[in-house]
Each structure stands twice: as structure tokens, then as C-alpha cells.
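Read off the chains here:
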Amino acid sequence: MIQPDDIKQMIERGLPGAHVSVTGDGHHFEAEVTADEFTGKSMLQRHQIVYQALGDKMGNEIHALSLRTQAPGE
Amino acid sequence: MDTQDKIREQLSADKVVLYMKGTPKFPQCGFSAKATQLLGACGAKYTSYDILSDPEIRQGLKEYSNWPTFPQLYLNGELVGGCDIMIELFKNGELQKLIAKAMG
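Residues numbered from 1 in each chain as written. Chains lettered and ligands numbered in written order. Predicted model: local features only at pLDDT ≥ 70, side-chain atom pairs only at ≥ 80, totals over all residues. Heavy atoms only, no water.

Caption draft 1: Representation of the sheet that holds strand E3 (residues 64-70) of chain A in the model. All names here are of chain A. Pairing in this open sheet of three strands is mixed, and the strands run E1-E2-E3 from one edge to the other. Both edges of this open sheet fall to strand E1 (19-24) and E3, since each of them pairs with a single strand only. Across the sheet, the mean angle separating the axes of adjacent strands is 15° when strand polarity is ignored. Alignment of strand E2 (residues 28-34) against E3, held across seven bridges, turns out to be parallel. Bridged to glutamate 32 within E3 is arginine 68. (Pairing = 2+ DSSP bridges. Helix = DSSP H or I, 4+ residues; strand = E, 2+ residues; numbered from the N terminus. Axes fitted to C-alpha atoms, helices over the stretch in contact; angles between N-to-C directions.)

This is how it looks when you write it as C-alpha cells:
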């Protein structure tokens, strides 16, 4: 079963330099991500960027991931 | 007709479209249920599609919208987002405005 740490590392690999914290119970996860890439992006685009970093895990091992995405300084 | 064309056709058939797990009466997932509640609270008239009964559309949507999970809300053929974003928009009164505008 996938663990919060696995998700954290995947997001950090996909968004170098981002500040990431993940909690969850093995199916439903919550992640807070602060990354430069989010600057000037809509909430939808920000979530898509995070989903990209998680590849095919999203919707499979990760049933649900609620996201709080911020650009630095927000 | 391939899946991407079918999706385009479904999205052009109504201004407000929700792809979900189950149906508004019998949602099969908490997030899909929440999405239908929010649309109800906004007084939205919408078409919903049960992706559990149509695996081709389910897979096709992931490519079409670059969004891997469900529910997925579309206004005038454009992806608004999933449950998370709908909740956020609803909290700041945006979802109501977007839907009213889409329904024209």
C-alpha cells in the first residue's frame, strides 16, 4: 500500500525545490505543496502539475488526493 | 466514432456536464456524491455520465482532460476540476457564478 512518504518523494522529484507535506490513510491522502511552478497558474493547472508528478499512481493506488497548492509568498 | 469524438459529442450536448462514479441518485463514491450536492446547491441543470459503466470513456477522459480522477465537472466543454476545486469554488461563491454564466 502506498504511503504518504512515497507520494511526498514523487512530488518532490517532479517539482524540485518544492515544499511538500503529505498525510493520509493509505487510500485517501492530503498534500500541501508550495512550488515556484505554481506562480501565475490557476488552481486547475496547479493540480494538473502535481498529478503529472504522480504519473499513473493517481486514480489507481491513490484513490483520492486532496491538494492545497500555493506559490511562494501566497 | 472513437472515444475522443464521443467525449466531444457528450460535452457539446449540454452546458453543464459531470462525469462521476455512479449516478446523482446512486453515487458510488463520496467525492462524486459531494459534486452532485454542490451542483444541486447551485441549482444547476446538468447531464451526468457514470464512468463506472463506461470504461472506455473513463480511460478516454484521462487523456482528454489530463485529469486522472473523478468526478470531473465541465462547463461549456471546459474542465473546471474535480471535487476539491468545486468545494473551493463553492466556498468563495465562484461555482454559483460560473454555473449561472454557463447556463446562460
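So much for the structure itself; the text now carries on.
Caption draft 2: Quick look at the packing of helix H1 (residues 3-12) of chain B against helix H3 (residues 55-65) of chain B. Residue and element names in this part refer to chain B. Taken N-terminus to C-terminus, the directions of H1 and H3 make an angle of 85°; their axes are 9 Å apart at the nearest point. Viewed along their axes, H1 and H3 adopt a mutual orientation that is roughly perpendicular. From H1, Thr3, Gln4, Lys6, Ile7, Arg8, Gln10 and Leu11 reach across to H3, where they touch Glu56, Ile57, Gly60, Leu61, Glu63 and Tyr64. (Parallel < 35°, antiparallel > 145°, perpendicular 65-115°, else oblique. Contact = heavy atoms within 4.5 Å.)

Caption draft 3: Representation of the interface of chain B and chain A within the structure. Residue-level contacts link 14 residues of chain B with 14 residues of chain A. With both chains or domains summed, chain B and chain A bury close to 1200 Å², and 63% of this area falls on carbon and sulfur atoms. Ranking the residues of chain B by area buried against chain A places Trp67, Pro68 and Asp84 of chain B at the top, with a combined share of 35%. At the boundary of chain B and chain A, one finds zero salt bridges. Seen at the junction of chain B and chain A, the total is two residue pairs in polar contact (both at pLDDT 80 or more). Partitioned by chemical class, the residues of the side of chain B that touches chain A number seven nonpolar, four polar and three charged. (Buried area = accessible area lost by both parts, 1.4 Å probe. Salt bridge = Lys/Arg side-chain N within 4 Å of Asp/Glu carboxyl O. Polar contact = N/O pair within 3.5 Å; in protein donor to acceptor, adjacent residues only side chain to side chain. Nonpolar A, V, L, I, M, F, W, Y, C, P; charged D, E, K, R; others polar.)

Caption draft 4: Focus on unusual backbone geometry. All names here are of chain B. Residue proline 71 follows phenylalanine 70 across a cis peptide bond; omega there is 5°. With a phi close to 55°, asparagine 66 is a non-glycine residue in the positive phi region. Backbone geometry at asparagine 76 places phi at a positive 50°, although glycine is not the residue there. Within the secondary structure, asparagine 76 is located in the loop between strand E3 (72-75) and strand E4 (78-81).

Caption draft 5: Up close: the side chain of lysine 21 of chain B. Looking at the element boundaries, lysine 21 of chain B is found in the loop between strand E1 (16-20) and helix H2 (30-41). Salt bridges are absent for the buried lysine 21 of chain B, whose nearest opposite-charge side chain, aspartate 50 of chain B, sits at 9.2 Å. Among all residues touching lysine 21 of chain B, those that are not within four sequence positions of it are His63 of chain A together with Pro27, Gln28, Cys29, Ser32, Asp50, Ile51, Leu52, Arg58 and Phe70 of chain B. (Buried < 20%, exposed > 50% of the residue type's maximum accessible area, 1.4 Å probe, protein only. Lys, Arg positive; Asp, Glu negative; His and termini not counted.)

Caption draft 6: A look at helix H5 (residues 94-103) of chain B. Residues and elements named next belong to chain B. Those residues of H5 that fall on the buried side of the exposure criterion are Leu95, Ile99 and Ala102. Here the buried residues of H5 occupy an arc of 65° about the axis, which is enough to place them on one side. Facing away from the buried side of H5 by more than 90 degrees, the exposed set consists of Lys97 and Lys101. On its buried face, H5 sits against H2, E3 and helix H4 (83-91). Positive phi shows up at glycine 104, right after H5, with a value of about 70°. (Arc of directions from axis to C-beta.)

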